[in-house]
Amino acid sequence: MPMNLILLGPPGAGKGTQAKKLVKRYSIPQISTGDILRSAVKDQSPMGIKAKGFMDSGALVPDEVVVGIVDERLDKSDCVNGFVLDGFPRTVAQANALKAMLAAKGRTLDHVVSISVDKDELLERITGRRTCKACGKGYHVLFDPPRLADKCGECGGELFQRDDDREDTMVKRLDVYDEQTAPLIAYYESESLLRSLPGTGSIDDIFQRIVSIVEGK
Ligand code: ADP
Ligand code: ADP
Ligand code: ZN
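This structure is a prediction, so every number in the text was calculated from the model and none was measured. (Residues numbered from 1 in each chain as written. Chains lettered and ligands numbered in written order. Predicted model: local features only at pLDDT ≥ 70, side-chain atom pairs only at ≥ 80, totals over all residues. Heavy atoms only, no water.)

Chemist: Help me out: how do you make sense of the sheet that holds strand β4 (residues 111-116) in this one?
Modeler: Either a parallel or an antiparallel arrangement is found when strands of a sheet pair, and the pairing is made through backbone hydrogen bonds. Strand order in this open sheet of five strands is β2-β3-β1-β4-β8, and the pairing throughout is parallel. A single partner strand is all that each edge strand has here, and the edge strands are β2 (30-32) and β8 (194-198). Across this sheet, the average inter-strand angle for adjacent strands is 20 degrees, counted without regard to direction. Looking at chain direction, β2 and strand β3 (residues 82-86) are connected through three bridges and run parallel. Across the sheet, the residue bridging to Ile31 is Leu85, located in β3. (Pairing = 2+ DSSP bridges. Helix = DSSP H or I, 4+ residues; strand = E, 2+ residues; numbered from the N terminus. Axes fitted to C-alpha atoms, helices over the stretch in contact; angles between N-to-C directions.)

Take a look at the structure:
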């Protein structure tokens, strides 16, 4: 049974954390446009050079750039049994482009899982977020600390704080979410794909809620 999923939610809602657990459980890839863009920035590819300014200021990268990324990525063979889109779509234009590209590929979405967390908690989560340089796994200095200080528990990689996880940029990103991404909740509701859940509680509790949704229980 294919599992074509979107995780929708504001920065810090736990999309990346939950996507990584879905990858392990269902053997489907996580498609994080944020991760793909950060790796392009690191490699200083033409796309990365174009994206960097938008990302540093907390703005969205232009739709055509991220739509192109996802269109190519969905054609890779590891997507045959499904995928978890994490951080895409983020605008109505991206959602429309996704719909068209999936139709062209003869595929459909199964669920859009919308995770909600209130703003104070989002700010706490983002300020304490640490990310593995090597494998991308996320940690939190208080809520999900690594067992060994500053080392990834999965791969031993070094942990770092993202440039855009600083207070000023973070506030801008939350505003951008409200203005440009939150309308997708109504969009997917009208497509009868929306499944909402509270993003508070332990990481495992939230994962169980998502599993119940995607397994139709
Ligand atoms: P978070 O996990 O905090 O929501 P992401 O890693 O998803 O952040 O995204 C980081 C940045 O990358 C965004 O602020 C934006 O500049 C860019 N980005 C990621 N995904 C998209 C997208 N779908 N559309 C436009 N910009 C994107
Ligand atoms: P997103 O991808 O939506 O931006 P992340 O998955 O990176 O969010 O999570 C943001 C931060 O919050 C990370 O530091 C992560 O460890 C932490 N986090 C994730 N889920 C929870 C949770 N249920 N409770 C507390 N902290 C969490
Ligand atoms: Zn790691």
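That was the structure; now back to the text.
Chemist: How should I be thinking about the packing of aromatic side chains in this particular structure?
Modeler: What characterises a pair of aromatic rings is the spacing of the ring centres plus the angle enclosed by the ring planes. Under the counting rule described, the total for this entry stands at one aromatic pair. Centroid distance Tyr187 to Tyr188: 4.9 Å. Interplanar angle 75 degrees. Geometry classified as edge-to-face. Relative accessible area serves as the criterion here: at 13%, Tyr187 is assigned to the buried category. If you follow Lys21 out to its NZ or CZ, it ends over the ring of Phe207, 5.2 Å from the centre. Directly above the ring of Tyr139 sits Lys137, whose terminal nitrogen or CZ lies 4.7 Å from the centroid. (Phe/Tyr/Trp six-rings, centres within 6.5 Å; stacked < 30°, edge-to-face > 60°. Buried < 20%, exposed > 50% of the residue type's maximum accessible area, 1.4 Å probe, protein only. Lys NZ or Arg CZ within 6 Å of the ring centre and 35° of its normal.)

Chemist: What's the story with the environment of Asp205 in this structure? I'm lost.
Modeler: Tracing the backbone shows Asp205 in helix α9 (residues 203-214). Each C-alpha atom, one on Asp205 and one on Asp165, is 25 Å from the other, the two residues being 40 residues apart in sequence.

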